[in-house]
Structures are given as C-alpha cells and as structure tokens.
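Remarks on the overall topology
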Amino acid sequence: MSRIAFLGLGHMGLPMAVNLVRAGHEVHGFDLMPAAIEAARAAGIPIAASGADAATDADVVITMFPAGEQVISAYQDGLLAAAKPGTLFIESSTIAVDEAQAAHALAVAAGHRNIDAPVSGGVVGAENGTLAFMVGGSDEDFAAALPLLETMGKRIVHCGGPGLGQAAKVCNNMVLAVSQIAVAEAFVLGERLGLAHDALFDVVSQASGQCWAITTNCPVPGPVPTSPANRDYQPGFAGALMAKDLGLALKAIEQTSTDAKMGRLAQELYAAFAAGDGAGRDFSGIITDVRDGNV
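Residues numbered from 1 in each chain as written. Predicted model: local features only at pLDDT ≥ 70, side-chain atom pairs only at ≥ 80, totals over all residues. Heavy atoms only, no water.

**Quick notes on the nonpolar core**
Formed by 32 residues in total, the largest nonpolar core has its most connected members in F6, M16, I90, F133 and L149. Where this core is concerned, the elements lending two or more residues are β1 (3-7), α1 (13-22), α2 (34-42), β3 (60-63), β4 (88-91), β7 (131-136) and α7 (139-152). Apart from residues lying up to four places away in sequence, L149 is in contact with I90, I115, F133, V135 and I156. By size, the runner-up hydrophobic cluster in this structure holds 31 residues, among which are A184, A213, F237 and A243. (Core = buried A, V, L, I, M, F, W, Y, C linked by side-chain atoms within 4.5 Å. Buried < 20%, exposed > 50% of the residue type's maximum accessible area, 1.4 Å probe, protein only. Helix = DSSP H or I, 4+ residues; strand = E, 2+ residues; numbered from the N terminus. Contact = heavy atoms within 4.5 Å.)

Shown next as structure tokens:
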C-alpha cells in the first residue's frame with residue numbers, strides 16, 4: 001500500500017481521499033479551508049501542517065485545486081522540494097492544457113514523475129468511486145498511477161502525453177455544455193408548444209437526440225428522479241464550475257485558432273448564468289435562464 005499526500009479536500013477531493021483510505025492506503029491530507037479540514041478529520045484523515053509536510057515521505061502526491069495558478073504556485077513554493085526523489089505527482093485539478101504541461105515540466109525538472117488526471121462524474125462519482133479519469137503522461141507513469149486511479153474511478157483513459165488528459169477534459173465539457181443548453185431549449189420550446197415533459201423525454205431519450213444531458217441530467221423535474229431538477233438544482237456540477245471549464249475551452253480555442261462557434265456561445269451563456277444566480281446551482285439550471293429569455 002502507498003503513502004499518499006492528498007491536497008485539496010473539497011467536495012470532490014475528500015470522498016476521493018476517503019476511497020483511498022478504505023482501500024488500505026495511508027493518506028495524509030491538507031487544505032487551506034477550515035471547514036474542509038474539519039470534514040476530513042471527521043472522516044478519519046490525518047491533516048498535515050502544510051502541503052509540503054504532507055508530501056514529505058509520500059510515495060504519491062495528489063492535488064485537487066480550484067485553478068491552475070494554485071497548482072503552479074504550490075509546485076514552486078515548496079511542494080516539489082519537500083517530496084522525496086521520484087515521487088509520483090497526480091494532478092487531478094481541471095486546469096488549462098498549457099498549465100498542466102508547465103506543472104509536468106516543473107515536476108520532472110525537480111526529479112519527480114507527473115501525470116495530469118482530471119476527472120468527470122461529479123460528487124456522486126467521487127463518493128461512489130465511479131469517476132472517469134482522463135490521463136496525460138508517459139506510459140510508465142500511467143501504469144504506476146493506474147491502481148490508485150482504479151480505486152477512485154471506474155473508467156480510466158490514457159489520452160496521450162503531458163497535458164492531453166486536460167485536453168480531453170476541456171473537449172468533453174464543451175460537448176456537455178452545448179448539449180445541456182440544447183436540451184434546455186428543447187424543453188422550453190416543447191412547453192410553449194403544449195408538449196408534456198414526460199412525452200418529450202420519452203421521445204428524445206430513445207431517439208436520435210439521446211444524450212447524457214437528457215437521460216441523466218434532465219433539466220425538468222419528473223422524468224429522471226435523480227436529476228438535480230428534482231432537488232431545486234442543487235449541484236451536481238455547479239454553474240460556476242462549468243463557466244470556469246468553458247473559460248479553459250475558450251482559451252484552448254483561441255490558442256489553436258479553432259472555429260468553434262458553439263463552444264464560444266456556450267462559454268458566453270454559462271458565464272452569464274454563473275454571474276447571475278447560477279453560480280451555486282447545478283449547470284442544468286440554465287433552463288431557467290432560457291425560459292426567462294436571459295440567454
């Protein structure tokens with residue numbers, strides 16, 4: 001079993017760390033937020049005095065931070081220096097592709113190994129150990145990380161070299177955002193045409209319009225009892241996080257001169273949604289903005 005430093009014990013990080021503990025690994029955690037620290041302690045995870053302290057003598061360091069600049073800053077400000085040579089760094093935050101590549105270069109220059117391994121599946125997936133991991137890094141480092149990733153996730157895909165896990169994540173979430181908006185617009189159009197929600201769901205969920213945004217994250221109450229729409233759009237995956245991820249997609253679109261009109265529009269709509277009352281609501285709640293004509 002491995003000694004693991006898990007840094008970033010929020011809504012996603014904590015259940016991931018708990019699953020590692022349940023699998024028999026020795027996990028030492030750290031977070032800057034007092035509430036996250038208390039929740040981790042309540043879950044039986046020892047808390048180090050700092051991220052660097054947690055990384056000392058660790059075999060693996062897993063980071064789950066809100067933004068890329070925090071990852072780079074942590075790596076540069078003592079985390080890499082504190083780790084023993086050859087430590088495997090698993091970077092599971094959702095950050096820009098170039099930030100993931102920069103973090104990889106810093107880790108390798110300091111004598112460590114590094115993969116980017118962003119996740120999909122939300123808090124429920126983190127709690128159930130059913131996350132999807134999109135991994136960028138060498139074959140050897142992917143193989144070394146795989147047993148740990150399989151403890152926290154159900155589907156693990158090696159997407160290629162450094163940064164390509166983040167590339168897959170940003171592309172996936174762009175598809176998700178576009179399809180969620182399209183599903184919201186379809187339900188609002190159906191309402192105004194006099195079509196019942198259940199009838200539209202029964203058609204689309206079994207026809208050519210079928211997608212995750214309708215079969216799992218249906219934006220209206222009723223057809224999918226487990227969807228956020230049945231609990232007043234409590235996330236799930238919050239609108240603020242979708243807006244952030246689409247900002248990363250927009251950055252990649254511009255860096256690659258890609259003609260991605262739907263991706264650009266999705267970014268604009270979710271930025272507006274998150275700037276309003278959508279920041280803390282599930283991203284499927286954008287249907288309320290569609291109804292109100294705010295998008």
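**Some details on the pattern of salt bridges**
Under the defined criterion, the tally for this structure stands at seven salt bridges. Across the pair R41 and E38 runs a salt bridge, and its minimum N-O distance is 3.3 Å. Taken as a pair, R41 and E38 lie in helix α2 at a separation of three residues, close to a single helical turn. Judged by its relative accessible area of 48%, R41 is partly exposed. Residue classification places E38 among the partly exposed residues on the basis of a relative accessible area of 47%. Between R291 and E191 there is a salt bridge, with its nearest N and O atoms 2.8 Å apart. Remark: E191 occurs in helix α8 (residues 164-192) and R291 occurs in helix α13 (residues 287-292); sequence separation between them is 100 residues. With a relative accessible area of 29%, R291 lands in the partly exposed category. Judged by relative accessible area, which is 28%, E191 ranks as partly exposed. (Salt bridge = Lys/Arg side-chain N within 4 Å of Asp/Glu carboxyl O.)

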